[in-house]
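Coordinate inspection notes
Residues per chain, in single letters:
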Amino acid sequence: MKEFALFSGCLIPTRVPSYDVSLRKTAEKLNVHFREMENTTCCAPVGVLSLDYLTSLSLGARNLAIVEEMGLDTMCTPCNGCFEGLDRIASILSKDQETLRQVNEILAEVGKEYKATVKVRHLAEIYFDDVGIDKIKEMMVKPLDLRVGIRPGCHLFRPIEVIGIDYSERYFFLDDLINATGAESVYYKHRLRCCGGLLRNVSETVTEAMLRDRLIELKEAEVDCVVTVCPLCFLQFDLGQKLVERKYKEQYNIPSFTYSELLGLGMGLSAKELGLKTHRIKIDKIIEKIS
Amino acid sequence: MSKDEIDIQLKEPIQTKDLDPEFKYELANTYLGKSIEACFKCGACTGGCPVSILTEVYKPRQIIGETLLGMRKEVLAGRMIWLCATCYTCEDRCPQKVNVTDVILAIRNIAFRKGYASKALIEQAKNMVETGWIQRPTASMNKRREALGLSPLPKKAVEDIQKIIKATGFDKLLYKKEDEK
C-alpha cells in the first residue's frame, strides 16, 4: 500500500494519546504505512476560520506544502477538525488559481510554496477504501460481541459540499467498519447529530445539554459502548460524560472508544498496549465482555 | 385594574433608516458568504439545528434574515453568531443550497474585525499562534505519552506562524488592545 503523510493535529497527541498509540499499532498490522510530518502547525480549523479566512487558508496550505516536500500526494489525518479544515483548503486551492496565488505570496514569507497537489483523507476512509472490509474481517482474532453506538463526528461527512456526498443522514461506511469487527452498529435516535464539542468554551450550558441528549439516546438504545473516529467526540463522550453525570446527577457509564482502539481490541492487542487505561470512563466491563 | 392576564414585552419596530442594505453584499462578496442571497427564509436551518432545539437564544434563520435585512450592528455585536456548533446540518438541509454555516463564519470574520469576537475563540487563536497547538501543551501530557511508549510532543513551527499572521494582518487584529477597537 502507498505511503501516507500522517498529520495527527493537536487534540490527539495532547489529549487522546490512546488514539495516537492505537492507530500506530493497528496500522502496522494492517500494512498501512505512515510517514510522520515534521515542523507542522495547528491545521487552523474552524475556530481560526471563524476569525480570519486568509490566515486559516495560509496556515493550512503551509501544512499541505510539507506533504509535497515529503514527496507524497496524500495526507492522512485521524482528526475530524483537521480533515474538514484541510480538505476544504486543499479543495479551494486546487480550484481557485487567484486564491492560490494570494496564499503563495504569504507562504513565500516562510520560504514555502504550495502546488495544490495534495489529497486530504480521513483515517476512517483509509480503513474503508484502502485496507478494506475484507482485510479488517480477516485480521480479527477476538470476537467483539458488542452493541455499538457510532459517533462519526460531524466533520467526517459534513459539509456535504466539501466532502462530496449527496446527503449525509443515512447509513454509511462507518457502520460497515464497525460491523467488520464483529460488533454491531446499532441504529439509534439522532445518531448523526452533533455532540456540541466545539461549543464547550463558548457555552458550557449548551454543550453539556447537547451531550446529555446524545447520552440519553445512547442509553435508550442499550449500547455497550460508543465508538468514534473524532478526537473531540471522544473527549466529549469520555471526559465530557463525567462532567454531565456530575452536573445532572445522573449515571450513564457508557465507555467510549476510538475506532482504532476497537480495531486493536479485535486484533487481540491488550487494553494496556492500546493505552485504554487513560480513558476516564472505565472500560472494564467491555474487556470482560469480550474476553 | 390591569387587564393583562399574560405578561407581554412589546418590541420596538425596526426602522428602515437604521438598516444597512450593503451588509448582505459585503458578505456575498466573500468566499464563505457568497451563497447568502439565495435564502428565502424558509427556516429549515433553524428547524434542524441541534442548538436551536435547546435554546431560544440561537436561531440561524434569524441571523441570515437580519443580515439580509441589513441589521448590521445587531448581527455583528450580538452573541448569536458565536453559538453555532458548526455541525453543518443546516447546509445539508437547505433547499436553496445556502451554506448557512459558512455565511455565519463570514459574519464572524467581520465581527472579529469590529472587536466583537468570542473570547473563547480569541484565546484559542492565541494558543495557536504562540505555541503552534490549539491547546497549550503541559508536562503531564508528555508524561502520559511516555507511559504509552509515544515520542514527546513535537516542536511546532511557531516562527513560521508569526511570519504568516504578520503577512495576513491577523497579528494586529488578534492583539488589538481594548481601546483601539
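Residues numbered from 1 in each chain as written. Chains lettered and ligands numbered in written order. Predicted model: local features only at pLDDT ≥ 70, side-chain atom pairs only at ≥ 80, totals over all residues.

Residue and element names in this part refer to chain A. Considered domain by domain, chain A is made up of domain 1 (3–123) and domain 2 (132–290). Computed over C-alpha atoms only, the centres of domain 1 and domain 2 are separated by 24 Å. If you look at the interface, domain 1 gives 25 residues, while domain 2 gives 26 residues. Ranked by the residues each element gives to the side of domain 1 that touches domain 2, the list is headed by helix α2 (residues 17–30), at ten residues. (Domains from an automatic or database assignment. Contact = placed C-beta atoms within 7 Å. Helix = DSSP H or I, 4+ residues; strand = E, 2+ residues; numbered from the N terminus.)

Time to look at the confidence of the model for chain B. For chain B, the mean per-residue pLDDT works out to 94, and 97% of the residues sit at or above 70. In the predicted complex, the global pTM is 0.95; the interface-specific ipTM is 0.94. (pLDDT = per-residue confidence, 0-100.)

Before going further, it helps to spend a moment on the sheet that holds strand β3 (residues 74–77) of chain A. Residues and elements named next belong to chain A. The parallel open sheet is built from four strands, whose spatial order is β2-β1-β3-β4. The open sheet has two edge strands, β2 (33–36) and β4 (119–122), and neither has a second partner. For this sheet, the mean angle separating the axes of adjacent strands, direction not counted, is 40°. Pairing of strand β1 (residues 3–6) with β3 involves two bridges; the strand directions are parallel. Paired with Leu6 across the strands is Cys76, a residue of β3. On the sheet, helix α7 (residues 123–131) packs against β1, β3 and β4 and is oriented at approximately 85° with respect to β4. (Pairing = 2+ DSSP bridges. Axes fitted to C-alpha atoms, helices over the stretch in contact; angles between N-to-C directions.)

Contact with chain B, which involves 51 residues of that partner, is made by 46 residues of chain A. Elements with a contribution of two residues or more to the side of chain B that touches chain A: α5 (89–93), α6 (100–113), α7 (119–131), α8 (139–147) and α9 (158–168) of chain B. Broken down by element, the residue count for the side of chain B that touches chain A peaks at seven residues, all from α9 of chain B. In terms of residue class, the side of chain B that touches chain A is built from 31 nonpolar, twelve polar and eight charged. (Nonpolar A, V, L, I, M, F, W, Y, C, P; charged D, E, K, R; others polar.)

On to the nonpolar core, then. Membership of the largest hydrophobic core comes to 139 residues, with the highest contact counts inside it found for Ala61, Leu64, Met75, Leu86 and Val227 of chain A together with Val103 and Ile107 of chain B. Here the element with the most residues in this core is helix α4 (residues 53–69) of chain A; it accounts for nine residues. Contact partners of Met75 of chain A, with chain neighbours within four places excluded, come to Phe4, Ala5, Phe7, Leu64, Val67, Leu86, Val118 and Val120 of chain A. (Core = buried A, V, L, I, M, F, W, Y, C linked by C-beta atoms within 7 Å. Buried ≥ 20, exposed ≤ 12 C-beta atoms within 10 Å, placed from the backbone.)

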